[in-house]
Each structure stands twice: as structure tokens, then as C-alpha cells.
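# Architecture and fold: a report
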Amino acid sequence: MGGGNAIRGSRVGAGPMGEAERGQTAPRQDVTYYCSNEHRTLIAFSVEAQAPDAWDCPRCGLPASLDSENPPPAPRIEPYKTHLAYVKERRSDAEAESILDEAVKLLRARRKSGDIIF
Ligand SMILES: [Zn+2]
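Attention in this report is confined to the structure presented alongside it. (Residues numbered from 1 in each chain as written. Predicted model: local features only at pLDDT ≥ 70, side-chain atom pairs only at ≥ 80, totals over all residues. Heavy atoms only, no water.)

Bringing the coordination of the zinc ion into the picture now. The protein atoms that coordinate the zinc ion are Cys35 (SG), His39 (ND1), Cys57 (SG) and Cys60 (SG), at distances of 2.0 to 2.3 Å. In this structure, the zinc ion is coordinated by four donor atoms arranged in tetrahedral fashion, with angles at the metal of 105 to 116°. When the donor residues of the zinc ion are listed from N- to C-terminus, their spacing reads C-x3-H-x17-C-x2-C. Note that His39 is positioned in the loop between β1 (28–35) and β2 (40–46) and Cys57 in the loop between β3 (54–56) and β4 (63–65), a separation of 18 residues in sequence. For the residue pair His39 and Cys57, the accessibility class agrees, reading buried in each case. (Donors = N, O, S within 2.8 Å, 3.2 Å for Na, K, Ca; no water. Tetrahedral: all angles 85-135°; square planar, octahedral: opposite > 155°, others 65-115°. Helix = DSSP H or I, 4+ residues; strand = E, 2+ residues; numbered from the N terminus. Buried < 20%, exposed > 50% of the residue type's maximum accessible area, 1.4 Å probe, protein only.)

Attention now goes to the nonpolar core. In terms of nonpolar packing, the biggest core is built from 10 residues, these being Val31, Tyr33, Cys35, Ile43, Phe45, Ala51, Cys57, Cys60, Leu62 and Ala64. Of all the elements in the fold, those that place two or more residues in this core are β1 and β2. In this structure, Cys35 is in contact with Cys57, Cys60, Leu62, Pro63, Ala64 and Pro71, ignoring residues within four places of it in sequence. (Core = buried A, V, L, I, M, F, W, Y, C linked by side-chain atoms within 4.5 Å. Contact = heavy atoms within 4.5 Å.)

Attention shifts here to the pairing of β1. On β1, burial follows the alternation: Gln29, Val31, Tyr33 and Cys35 on one face are buried, whereas Arg28, Asp30, Thr32 and Tyr34 on the facing-out side are not. Bridge count between β1 and β2: seven bridges; the pairing is antiparallel. Bridge pairing links Gln29 to Phe45 in β2. The pairing of β1 with β4 spans two bridges and is antiparallel. Residue Cys35 lies in a different strand from β4, and its bridge partner there is Ala64. (Pairing = 2+ DSSP bridges.)

A complete count under the given rule lists two salt bridges for this structure. Measuring nitrogen to oxygen at the nearest pair gives 4.0 Å for the salt bridge that ties Arg28 to Asp30. Under the relative-accessibility criterion, Arg28 is labelled exposed at 53%. Lys105 is the partner of Asp101 in a salt bridge, and the nearest nitrogen-oxygen pair spans 3.6 Å. Of the two residues, Asp101 and Lys105 are both situated in helix α2 (residues 93–113); the distance of four residues between them amounts to about one turn of the helix. Given a relative accessible area of 43%, Asp101 falls into the partly exposed group. (Salt bridge = Lys/Arg side-chain N within 4 Å of Asp/Glu carboxyl O.)

The structure is reproduced here in C-alpha cells:
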């Protein structure tokens, strides 16, 4: 707590008597997550649940955080690194290079088309 991101006081249910119909009496907290593509995602948690600091954006798959000013950076480099490390372990350098070349082309093509790698 104290991060300047206090959850605003939750409203008390509109009707004091009408909440039993669906057996949903648990109060909820709405938590908004922000990803670096400026998507906003509203997730409803039970107030008893601890809302996580990060959530995967359902629209683009990027990590999203509670801080709209500082959404987590897109992990563009990570899968590439992992892939390269994997390739280096398994292949000769020459082979690795051609595979790397392909991977880069693929990455660029995807970046151009705006697709997100999950
Ligand atoms: Zn997003």
C-alpha cells in the first residue's frame, strides 16, 4: 500500500434485499490493468482475493500492470533470446546462423504486420 494507487471505496450494493437471487453475495473489487499498448482491462476480483500486481492483457497478451503511467514493457526480446540459446545448444554455429537469420526475418515480418507474439 501507499503506492498512490488506492482502490476507490467500493460502492455498497444498490439494493439491500435484492442480492440473493443468484447467490452472488460476495462483494467485488474492480481492478484496472494497463498494458504498454494502452489497453485497459477491468478485472473483477472478490474483495477477499488479493489482486495480482500484473495481469496478461486479454487483447494483446502483453503483461499489464496497475500503474497506468508505467505499464510493463513488452517482452519483445525475451522469446528471441531464449530461442537463440536453445538453438546454440542444439545446433552447430553455421546452422544456428541460418536459423537466426530466419528468426530475425520472421520477427521483422511480425513486427511489420503488428502481430503480437504470445
Ligand atoms: Zn494490450
